[in-house]
Amino acid sequence: MNAVRGKILIADDDPTVRIVLTKLFEKSGFEVIAAQNGKEAVERLTSDILAVILDLDMPEMNGIGCLRYIQQHMEDISPIMLTANEDISNAVEAMRNGAFDYITKPFNPLKLRALVDKAIATDAQARRLHQVEAELAHAREHEIEMAARIQQTLLMGAPPRDFKGLEIASATIPSHKVDGDFYDFIAVDSKRLDVIVGDVMGKGIASALMGAATKSYFMHVIHELGCAACHINPYPEADAIVSGVHAAMIHQMEALETFVTLCYARFDMASSQMRFVDCGHMRTIHYRCQTGNCTLLEGVNMPLGFPETVPFTLHTESFGLGDLFFFYSDGLTEAMTTEGQLFGEDRLTALIPQYAAIPPDQIIHRIWKDIVAFSGSETFRDDFTCVVVKITPSLLMPSGSSEKHGEFSMKFSSDLSELSRIRHFVRDACIAVFPQLLNEDRISMIELAVTEVVTNIIRHAYGGVSDKPIEISIGFENNALMIEFLDQGKSFDPDRAPPPQFDGSREGGFGLYIISHIADDVVYEKRQNNTNRTRLKIYPGHGPDSAPDV
Amino acid sequence: MEMFSETDGDVVVVVVLADELDADNAKRFKSKMADIIGNNRKFVLDMGQVRFVDSSGCGALLSALRQISAAGGDLKLANVQKSVQSMFELVRLHRIVEMFDTREAAVKSFG
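Colleague: Looking at this model, I keep getting lost on the side chain of Thr385(A). Mind explaining?
Modeller: Residues and elements named next belong to chain A. Looking at the element boundaries, Thr385 is found in strand E15 (residues 384-391). With a relative accessible area of 5%, Thr385 lands in the buried category. Reaching out from Thr385, the side chain makes a polar contact with the side chain of Thr172 at a distance of 2.9 Å. Only 2.7 Å separates the side chain of Thr385 from the side chain of Asp181, close enough to count as a polar contact. If we skip the residues at most four places from it in the chain, Thr385 touches Met156, Ala171, Thr172, Asp181, Tyr183, Phe327, Tyr328, Ser329 and Leu332.

Pasting the structure below:
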């Protein structure tokens, strides 16, 4: 007997056929397992069987039933069916159910052997194909994992936590394919912060690596320009940096047939300006706190990698306190419903004013949730990448005050001679909390409102008694200036105060009127331990209401 | 509360020598003004140095104005700083008291 070529399973209820087949295939070098019916064939089926020959008409389980079982459990085996002349329709049915071929009895042994060899070869090929596919899928998964890891570690810079005047959050959620989204933050000095956001065309490891390369070129160019220019200008402008990166990378990008869209933005706290170079990136959304409107910032430059890009144009955008800048990748706007409807820039832009007052990381979370709700899926086709930069109070300390939880707080005594000192404190704190936004006129009005509140506390809550405590705190909350007064005197009921007379017939009564017209909101409340709290909420953008006509 | 007064013809010009006119010094302002008013009728108050006035300060000005008006006279303001002007507009004082850019113009307006 030849060396065993492998196992072959035959099933036929006719013992003569079993003997003939066994002899035939043993002679060809196979180990033959012979079953008397379909049920036994199924029981004796093992994974190392190379070929199966089934009689169609058998007791217990017929050929079709056995075939179906094999198809379900061993997809890479295609049995050959034996059939008597008269039941050819069953043979056709078997072919539909995944049989390799059929042969009619009485059969030609040579033909059957050739058929079995062919079935084994075909099945082996199918097995190899499946294996390659599985390996490929595994490799792809591995690549995605690698690309995602590159993205998370090399492409995404960590936003600074303690940059005075800016609150920053960023997030990236990789898609199944991984784009080359990247961002980075560079603190030029204590007053200037650079934010780079970009997107490499293409997907997978290649674009992730390209993104990493672009980022490192930025560092390289900034270093070189900075050194070369240190006598004249200590730090290069954004357009010079982008030009340098473009010059350094253009040949590689052309060779790799790729390009990079990006926005290089510099936040300059001293001038309250954001100067940026945009190279075909998604339009940055600038929310203005003062007006409640959004502007879409778009540059005129082509993406990096386009030969005709130079020179790069620098744009300047002024900002104020409470403003917000939203940088993002196309993964947000191109998220779509199952019907193919895009989320789009308009929807995104409409969301920003709604979320402008909440902390930046929560803004990103809310927007992500909104896009998930819109698209009906938690996974997007493209990476979800965004950076939120919010202009917040830069808390400098006025002398003599204490700062706690981002507030300025100071204690005074209930003496009218303190008024002047109180106004100085308020002025200093306002300038510190709102460095750019409050003009002289507005600050004078705030001084006036504070003077009126304190005068009321001294005269009415304390009945003119001096040396009682008045604590004043100034802070920033939801884009508004909050001024809080605490006293231990009699509580105050604003409803019992008489209205002012504008005809000059009475001297008093203007205090409350002034307070309510300068502040956007005034709350008087009695708290536990006999403390009264007066809170003024003032939006820096508003002017005082004018007096009503009489 | 430093104040200085001089006469220009039959007009008494009062110069307020304080940066602020608030609850702390309004009473002193009122009593000083009462002394100056006496039997005079025409007044110009030079506010050039005052950069802050609160409602008590306004009340003191209104009190002086009432006293002068009751005697058949008039009070005019000169050199009112912008921040103070805003405050006057808030309480509509600018509709009751005439204001002039210079002391001379205010004096002249009495004719």
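Moving on from the model shown.
Colleague: When you look at the pattern of salt bridges in this model, what are you seeing that I'm missing?
Modeller: If charged atoms from side chains of opposite charge come close, those side chains can pair. Using the criterion set out here, one finds 32 salt bridges over all chains in the structure. In this structure, Arg275(A) and Asp268(A) form a salt bridge, with 3.4 Å as the shortest nitrogen-oxygen distance. Asp268(A) shares its class with Arg275(A); the two are buried. Among the ionic pairs, Arg283(A) bridges to Glu298(A), the shortest N-O distance being 3.4 Å. Of this pair, Arg283(A) sits in the loop between strand E10 (273-279) and strand E11 (284-287) while Glu298(A) sits in the loop between strand E12 (294-297) and strand E13 (315-318); the two residues are 15 residues apart in sequence, bridging distant segments of the chain. Judged by its relative accessible area of 47%, Glu298(A) falls in the partly exposed class. One connected set of salt bridges, linked through shared partners, spans Arg423(A), Arg427(A), Glu447(A), Glu20(B), Asp22(B) and Arg51(B).

Colleague: Is there a simple way to think about the sheet that holds strand E5 (residues 101-104) of chain A in this case?
Modeller: Adjacent strands of a sheet pair through backbone hydrogen bonds, lying either parallel or antiparallel. Residues and elements named next belong to chain A. One open sheet holds the 5 strands; their spatial order is E2-E1-E3-E4-E5, and the pairing between them is parallel. Of all the strands in the sheet, just strand E2 (30-35) and E5 have a single pairing partner and so form its edges. Across the sheet, the mean angle from the axis of one strand to that of its neighbour is 20 degrees, orientation sign disregarded. The sheet contacts of helix H1 (residues 15-27) involve strand E1 (6-11), E2, strand E3 (49-55) and strand E4 (80-83), and relative to E2 the element is tilted by about 165 degrees. Here helix H5 (residues 109-155) sits on the sheet and contacts E1, E2, E3, E4 and E5; the angle it forms with E3, its principal contact strand, is near 130 degrees.

Analysis parameters
Residues numbered from 1 in each chain as written. Chains lettered and ligands numbered in written order. Predicted model: local features only at pLDDT ≥ 70, side-chain atom pairs only at ≥ 80, totals over all residues. Heavy atoms only, no water. Helix = DSSP H or I, 4+ residues; strand = E, 2+ residues; numbered from the N terminus. Buried < 20%, exposed > 50% of the residue type's maximum accessible area, 1.4 Å probe, protein only. Polar contact = N/O pair within 3.5 Å; in protein donor to acceptor, adjacent residues only side chain to side chain. Contact = heavy atoms within 4.5 Å. Salt bridge = Lys/Arg side-chain N within 4 Å of Asp/Glu carboxyl O. Pairing = 2+ DSSP bridges. Axes fitted to C-alpha atoms, helices over the stretch in contact; angles between N-to-C directions.

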